[in-house]
Amino acid sequence: MKNENLHAADVGPNTQLIRAGYNPFDYHGFINPPAVHASTVLFPDAQTMETHGQKYTYGTRGTPTTDALCSAINELEGAAGTILVPSGLAAVTVAFLAYLSPGDHALVVDSVYGNVREFCDTMLTRFGVEVDYYDPSGGAAIEALFRPNTRLLHIEAAGSNTFEMQDIPTLVAIAHRHEAVVTMDNTWATPLYFRPLDFGVDVSIQASTKYPAGHADILMGSVSANVKYWDRLRKTNGQLGLCGTADDAYQVLRGLRTMGIRLERHQRSALAIAEWLEARDDVARVLHPALPSFAGHELWKRDFKGASGVFSFVLTVGRREDFRLKAAAFLNGLQLFGLGYSWGGFISLALAVNLDDRRILQPPEEGPLLRLQIGLEDVADIRADLERGFEAAMRA
Ligand SMILES: Cc1ncc(COP(=O)(O)O)c(C=O)c1O
């Protein structure tokens with residue numbers, strides 16, 4: 001049969017994205033898999049029912065549609081197994097619930113996605129798990145934070161909103177010496193630009209909501225584990241009763257097919273805008289890992305294959321009491337950029353970053369921090385819109 005003799009290792013990343021997870025000849029040659037809506041699955045007889053002796057048993061335990069997406073993600077991540085959950089936030093919280101127990105201690109990067117910090121400081125604390133936040137730029141200094149009961153190290157790189165890079169191989173080596181599982185939120189890079197499991201990370205997490213879905217209309221998360229940690233993850237997901245829906249899984253798989261070319265465009269446009277911003281007097285600093293001026297640039301160059309389309313910059317303002325007013329004027333001056341949360345979709349978005357929850361990292365002193373998600377619009381139009389923002393901020 002066609003397709004069967006080509007192996008993922010033999011083809012380029014875009015070819016892999018086109019083919020991953022599903023063979024059209026498994027379903028009459030249709031290029032996309034069917035969107036199977038299911039709770040009940042019928043068994044042909046009592047014996048098969050009793051032994052669960054068939055591939056599919058119930059909707060929460062997977063369908064041909066969710067399987068197609070999970071296999072595609074397994075291929076991209078090099079994982080032993082992948083679960084789907086209803087959001088990127090759930091992907092992180094389920095991973096933590098899978099590997100942590102009362103009395104355990106976890107180390108979480110200080111530049112973690114804010115809602116994960118909220119989960120740690122409320123629910124994990126209530127369940128008797130202690131969390132310490134570590135400095136993303138500390139490297140080997142993290143060793144001093146390990147305790148005999150440290151069971152999990154959570155990395156996010158680039159860090160949320162401030163985009164810090166981390167020395168991932170060093171962190172992994174230390175965590176494994178202490179027998180802690182290493183989880184990583186790799187949403188920013190996607191497995192196209194960084195494959196966590198290849199660097200020794202045990203569990204790779206994606207908010208599929210962002211680049212995999214790509215169209216600002218789907219919420220989904222995926223968690224992919226290596227052989228050692230897969231069974232625990234699979235069982236936890238079954239115990240919690242979480243699953244991805246047929247339509248969302250279908251759309252995320254559809255999004256994956258074009259993710260490579262979308263990312264190339266996001267990357268190119270974002271870097272062009274970042275370089276343009278860096279040259280301006282009204283910009284104090286640009287926080288983008290692919291810029292040589294960025295503190296984590298060398299780590300990014302060493303380990304990552306690319307940069308995606310979201311980064312931040314510091315507007316030059318001066319007086320701290322003007323930060324909020326100037327940031328709001330900038331955002332209100334934009335016409336093309338939407339003001340909204342999330343990123344990874346086709347539309348450009350902007351927001352003012354609030355760093356009040358950070359324990360270690362200090363907010364910039366030169367002015368407010370603004371985050372841009374550079375969409376698929378034409379760069380000249382994006383630049384013209386940002387000019388409108390700068391003019392509005394200057395007038396305010
Ligand atoms: C790095 C990162 N991880 C996870 C999430 C959560 O994803 P979701 O919006 O699907 O819950 C976000 C959302 O912005 C994020 O930026």
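Residues numbered from 1 in each chain as written. Predicted model: local features only at pLDDT ≥ 70, side-chain atom pairs only at ≥ 80, totals over all residues. Heavy atoms only, no water.

Novice: Would you explain empty space enclosed by the protein in this entry?
Specialist: On inspection of all chains with the given rule, the structure shows one cavity of 30 Å³ or more. Within this model, the largest cavity holds a volume of roughly 60 Å³. In terms of lining residues, the largest cavity is bounded by I73, L76, E77, P191, Q206, S208, P212, S222, L256 and M259. Within the residue set of the lining of the largest cavity, elements represented by two or more residues are α3 (64-77) and α9 (246-278). (1 Å grid on protein atoms, 1.4 Å probe; cavity = no way out; pocket = protein on both sides within 12 Å on 5 of 7 lines; lining within 4 Å. Points joined across faces, edges and corners; volume = space filled by probe spheres on them. Helix = DSSP H or I, 4+ residues; strand = E, 2+ residues; numbered from the N terminus.)

Novice: Help me understand the sheet that holds strand β10 (residues 338-339) in this model?
Specialist: Two pairing modes exist for strands in a sheet, parallel and antiparallel, and in both the strands are linked by backbone hydrogen bonds. With respect to topology, five strands assemble into an open sheet ordered β8-β9-β12-β11-β10, the strand pairing being mixed. At either margin of the open sheet sits one strand with a lone partner, and together these are β8 (283-287) and β10. Bridge count for strand β9 (residues 310-315) against strand β12 (residues 369-373) is five bridges, and the pairing is antiparallel. Following the sheet pairing, V314 is matched in β12 by L369. Contacts from helix α11 (residues 323-333) reach β9, β10, β11 (349-352) and β12 within the one sheet, and its direction differs from that of β11 by about 165°. (Pairing = 2+ DSSP bridges. Contact = heavy atoms within 4.5 Å. Axes fitted to C-alpha atoms, helices over the stretch in contact; angles between N-to-C directions.)

Novice: Teacher, can you tell me more about the pairing of strand β4 (residues 150-156) here?
Specialist: The two faces of the sheet receive side chains in turn, since in a regular strand these alternate between them. Of all seven residues that make up β4, six are buried, and the element is covered over most of its length. Examined bridge by bridge, β4 and strand β5 (residues 181-185) share five bridges and lie parallel to one another. Bridge pairing in β5 links L152 to V181. Tracing the backbone out of β4, into helix α6 (residues 168-177) and back to the parallel element β5 gives a crossover that is right-handed. (Buried < 20%, exposed > 50% of the residue type's maximum accessible area, 1.4 Å probe, protein only. Right-handed = clockwise from strand over helix to strand, strands pointing away.)

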